[in-house]
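# A structural walkthrough
What follows is each chain in one-letter form.
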Amino acid sequence: MFGKIRKAADRLRGACRQDAGMVTSEYAMGIIAAVGFAVMLYEVVTSGQVRAELAAIVKKALSARM
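Treat the numbers as computed from the prediction; the structure is a model and nothing was measured. (Residues numbered from 1 in each chain as written. Predicted model: local features only at pLDDT ≥ 70, side-chain atom pairs only at ≥ 80, totals over all residues. Heavy atoms only, no water.)

### Comments concerning the overall build of the protein chain
Tallying secondary structure elements over the protein chain gives three helices and zero strands in all. Traced from its N-terminal end to its C-terminal end, the protein chain shows the element sequence α-α-α. When burial is assessed residue by residue, the protein chain has 0% of its 66 residues classed as buried. Carbon and sulfur atoms form 67% of the exposed surface of the protein chain, whose accessible area is close to 6500 Å². (Helix = DSSP H or I, 4+ residues; strand = E, 2+ residues; numbered from the N terminus. Buried < 20%, exposed > 50% of the residue type's maximum accessible area, 1.4 Å probe, protein only. Areas by Shrake-Rupley, 256 points an atom, 1.4 Å probe, with all protein chains shown as cover.)

Shown next, in the form of structure tokens:
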């Protein structure tokens, strides 16, 4: 009886110890992807056409009458 309980406890303990997180290489790939996305977004937002549209939106919002 105690042998079965001990085996079940060992299996449970083993299942609880499994690593469910990312390893260092996965963190590195995630950081590279995030930086790439940030650079792409920065380039889009700072492009001439988007900058002009954002300036027009801000100008219109600041000139609105209350």
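### So, helix α3 (residues 48–62)
Between its first and last C-alpha atoms α3 spans 21 Å; for 15 residues at 1.5 Å apiece the expected length is 21 Å, and the two agree. Burial analysis of α3 places just zero of its 15 residues in the buried class, a small minority of the element. (Expected span 1.5 Å × (residues − 1).)

### Remarks on a nonpolar patch on the surface
Together, Phe-37, Met-40, Leu-41, Val-44, Val-45, Leu-54 and Ile-57 give the surface a local cluster of nonpolar side chains, amounting to about 650 Å² of exposed area. Elements represented by at least two residues in the nonpolar patch include exactly α2 (24–45) and α3. Sorting elements by how many residues they give to the nonpolar patch places α2 first, with five residues. Mapped onto the secondary structure, Val-45 falls in helix α2. Val-45 gets classed as partly exposed once you look at its relative accessible area, which sits at 37%. (Patch = residues over 30% accessible without salt bridge, like charges linked within 9 Å, V, L, I, M, F, W, Y side chains within 5 Å. Salt bridge = Lys/Arg side-chain N within 4 Å of Asp/Glu carboxyl O.)

### Some details on the confidence of the model for the protein chain
For the protein chain, per-residue confidence averages 83 on the pLDDT scale, and residues scoring 70 or more make up 83% of the total. When pLDDT is averaged over each helix and strand of the protein chain, the minimum, 75, is found for helix α1 (residues 2–16) and the maximum, 91, for α2. (pLDDT = per-residue confidence, 0-100.)

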